[in-house]
Amino acid sequence: HLLELSDLQRRPDSLKQPDVLGFATHSDEEARALGEIVDVELGPGDVSVHHPNCIHASEPNMSNRRRCGLTIRYIPTSVRCFMEEQPVMIFRGDPVPGVNWYRSWPKYRQGYDMRFAGCDSWNEHRYKDEKDERDYFDRSDFSQMEREIRNELDGFIVNLGGF
């Protein structure tokens, strides 16, 4: 990465894009001016981890398989997430009242979730939010929950333009 990291700016061609996909750190011309572009081909199950302001891109997914991206941002508890529908989880520190609603850490459900090292004591130590616990984690109707999650994901995929 040869350019200074810079703030995200809305791309003029994406004024209606409601998420981070409508933003960029550099124009296409600036990226091309860097010279050689290095292709990093990932195989099934591979991941790419990089600073979000590093210039990166991918060709369209022409397969019938879903391509998945995951963004994780670490912020101090004093920083407010401006998209309230985005889940915010606390990993360290104490919540600042009125700044964010912190989601409960996922609950381990024996016989439903895959076992992992420490799963037997996980529920005793995980961060818990009363509302989240009541509305989601205290539920045991797993089949209905899976249908709700699938419907939400399908709606999300439709909003992105489908598979």
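Just so it is clear, the model here is predicted, and its values are computed rather than measured. Within each chain, residue numbers correspond to sequence positions counted from 1 in written order. Reporting of local features is limited, given that this is a predicted model, to residues whose pLDDT is at least 70; pairs of side-chain atoms are given and counted only at 80 or more, and all residues count toward the totals for whole chains, interfaces and linings. Side-chain measures were taken over the full set of non-hydrogen atoms in the model, leaving aside hydrogen atoms and water.

1. Side note on the overall build of the chain
The secondary structure listing takes helices from DSSP runs of H or I that are at least 4 residues long and strands from runs of E that are at least 2 residues long, numbered from the N terminus. Helix and strand counts for the chain come out as four helices and four strands. Element order for the chain, N to C, with α for helix and β for strand: β-β-α-β-β-α-α-α. Scored against the burial criterion, the 163 residues of the chain give a buried share of 15%. In the chain, once contacts between residues fewer than 6 apart in sequence are set aside, the share between residues at least 24 apart is 37%. Accessibility throughout is a Shrake-Rupley quantity obtained with a 1.4 Å probe, and a residue counts as covered only by protein chains that appear here. Carbon together with sulfur atoms contributes 54% to the accessible area of the chain, which is approximately 14100 Å² in total. When accessible area is computed with a 1.4 Å probe and restricted to protein chains, residues below 20% of their type maximum are described as buried, those above 50% as exposed, and intermediate ones as partly exposed. Two residues form a contact once any of their heavy atoms are found within 4.5 Å.

2. Brief notes about the nonpolar core
Throughout this description, the term nonpolar core refers to a set of buried Ala, Val, Leu, Ile, Met, Phe, Trp, Tyr and Cys residues connected via side-chain atoms within 4.5 Å. Core analysis: the largest hydrophobic core is formed by five residues, namely Cys81, Val88, Ile90, Tyr102 and Trp105. Ignoring anything within four residues of it in the chain, the contact list for cysteine 81 reads Gln86, Val88 and Asn100.

3. A look at the packing of aromatic side chains
Each pair of aromatic rings is reported with the distance of its centres and the angle of its planes. The rule is short: rings of Phe, Tyr and Trp, with Trp giving its six-membered ring, pair when the centres are within 6.5 Å, and they are stacked under 30 degrees, edge-to-face over 60, tilted in between. Counted by the stated rule, this structure contains seven aromatic pairs. Their ring planes at 90° and their centres at 4.9 Å tell us that tyrosine 136 and phenylalanine 137 sit as a pair that is edge-to-face. Given a relative accessible area of 25%, tyrosine 136 falls into the partly exposed group. Using a relative accessible area of 11% as the deciding quantity, one classes phenylalanine 137 as buried. Ring-pair connections join several aromatic residues into one group, and the members of that group are Tyr74, Phe91, Trp105, Tyr108, Phe116 and Trp122. The positively charged end of arginine 126 is found above the aromatic ring belonging to phenylalanine 137, 5.2 Å away from the centroid. A ring is scored as having a charge over it whenever the NZ atom of a lysine or the CZ atom of an arginine sits within 6 Å of its centre and within 35 degrees of its normal.

4. What to know about the pattern of salt bridges
By definition, a salt bridge exists where a carboxyl oxygen of Asp or Glu is found within 4 Å of a side-chain nitrogen of Lys or Arg. The tally for this structure, following the rule as stated, stands at nine salt bridges. The closest approach of N and O atoms between aspartate 132 and arginine 103, which form a salt bridge, is 2.7 Å. Here the residue aspartate 132 occupies a position in helix H3 (residues 130-137), and arginine 103 occupies one in strand S4 (residues 102-103), the gap between them amounting to 29 residues. A residue is classified by how much of its surface remains accessible, and aspartate 132, at 2% relative accessible area, is buried. Taken together, the shared-partner salt bridges connect Lys131, Arg134 and Asp135 into one network.

5. Notes on the environment of aspartate 120
On the secondary structure map, aspartate 120 appears in helix H2 (residues 119-125). Take aspartate 120: its relative accessible area is 57%, and that puts it in the exposed class. Between the C-alpha atoms of aspartate 120 and tyrosine 108, which are 12 residues apart in sequence, the distance is 8.2 Å. Distance and chemistry together define a polar contact, namely a pair of N or O atoms within 3.5 Å, with one atom able to donate a hydrogen and the other to accept it when in protein, and with adjacent residues in sequence counting only for side-chain atoms on both sides. Among the polar contacts listed, one links the side chain of aspartate 120 to the side chain of arginine 115, at a separation of 3.3 Å.

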